[in-house]
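Residue-level listing of the chains:
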Amino acid sequence: MAKQKTTVKIFGDWEESYAYLPQWLKYMKEIALGSFYDLCHEFFVGNCCDRGYRQFHILFWTFKPCFDAFNYCKPLIQVDGTHLYGKYRGTLLIATTQDGNNNVLPLAFIVVEGETLLAWLKEKHLELVVDNRISS
C-alpha cells in the first residue's frame, strides 16, 4: 500500500495520467511538426452506447523524423510488443526498421488491449509509413 501511495504522489493516479494524454499528444504534434497520432475510444457500457462514458481503446503515434527516415532504411519492418502491467493492462507494440549501419529506428508505436490487434496495426496504420516510402 505504501508503494502505491508513493507512486501516486510522484506520478499521479491512473485517471489523472489518462486525462493528460490528449494534451501530451497535442504538444508532441506542436514540437515534432508533421507527427501523427490516433487516439480511439469506445463509448459502450455493456451493450448500450453512452457518450458520457469514454473508455480507452487504442493509441497509435509516429514521429515525423522517424517516418521520413524510413525512406533511407532497409525495406523491412519488424513489430515487437511488450505487456503493460498495472491497473490497466495492455500491450505496447513498436514497429522498427534498420538503417544501412544496422541501427534500429523506431517507426511507430501503438498501445492496444492485446496482441490480437496486431493485424489492425499492420493494415490500418503501418500502411501510412509504407505508403510514404513508396510515394517518395
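Please refer to the structure higher up on the page.
Residues numbered from 1 in each chain as written. Predicted model: local features only at pLDDT ≥ 70, side-chain atom pairs only at ≥ 80, totals over all residues. Heavy atoms only, no water.

Brief notes about the nonpolar core
Core analysis: the biggest nonpolar cluster contains 13 residues, and Ile58, Leu105, Leu107, Ile110 and Val112 have the highest contact counts within it. Counting residues per element, this core draws most heavily on strand β7 (residues 104–112), which supplies 5 residues. With residues up to four places along the chain from it excluded, the contact list for Leu105 reads Cys66, Ala69, Phe70, Cys73, Ala95, Thr96 and Thr97. Judged by nonpolar contacts, the second largest core, of 9 residues, contains Leu21, Met28, Leu59 and Phe109. (Core = buried A, V, L, I, M, F, W, Y, C linked by side-chain atoms within 4.5 Å. Buried < 20%, exposed > 50% of the residue type's maximum accessible area, 1.4 Å probe, protein only. Helix = DSSP H or I, 4+ residues; strand = E, 2+ residues; numbered from the N terminus. Contact = heavy atoms within 4.5 Å.)

Brief notes about the packing of aromatic side chains
Scanning all chains against the criterion turns up 4 aromatic pairs. Where Trp61 meets Phe109, the ring centres are 5.2 Å apart and the plane angle is 15°; that geometry is what we call stacked. Here Trp61, found in strand β4 (residues 55–62), pairs with Phe109, found in strand β7; they are 48 residues apart in sequence, far enough to count as distant. Overall, Trp61 belongs to the buried group, its relative accessible area being 12%. Taking the relative accessible area as the measure of exposure, Phe109 reaches 15% and is therefore buried. Consider the rings of Phe63 and Phe109, whose centres lie 6.1 Å apart with planes at 75°: the pair is edge-to-face. On the criterion of sequence distance, the pair formed by Phe63 in the loop between β4 and α3 (64–69) and Phe109 in strand β7 is long-range, its members being 46 residues apart. (Phe/Tyr/Trp six-rings, centres within 6.5 Å; stacked < 30°, edge-to-face > 60°.)

Description of the pattern of salt bridges
Throughout the structure, instances matching the rule amount to 1 salt bridge. Note that Asp68 is salt-bridged to Lys64, the shortest N-O span being 2.9 Å. Taken as a pair, Asp68 and Lys64 lie in helix α3 at a separation of 4 residues, close to a single helical turn. Judged by its relative accessible area of 29%, Asp68 is partly exposed. Given the relative accessible area of 28%, Lys64 is considered partly exposed. (Salt bridge = Lys/Arg side-chain N within 4 Å of Asp/Glu carboxyl O.)

A short note on the layout of surface pockets
Of the voids in this model, the largest pocket is the one considered here, and its volume is about 640 Å³. Along its surface, the largest pocket is lined by 17 residues, and Trp14, Tyr18, Phe56, Tyr88 and Val111 are the ones closest to its centre. It is helix α2 (residues 14–31) that contributes the most residues to the lining of the largest pocket, 5 residues altogether. Estimated volume of the second largest pocket: approximately 200 Å³. Taken together, Gln4, Thr7, Val8, Phe11, Gly12, Asp13, Trp14 and Ser17 make up the lining of the second largest pocket. Every element with two or more residues in the lining of the second largest pocket is listed here: α1 (2–11) and α2. The element best represented in the lining of the second largest pocket is α1, accounting for 4 residues. (1 Å grid on protein atoms, 1.4 Å probe; cavity = no way out; pocket = protein on both sides within 12 Å on 5 of 7 lines; lining within 4 Å. Points joined across faces, edges and corners; volume = space filled by probe spheres on them.)

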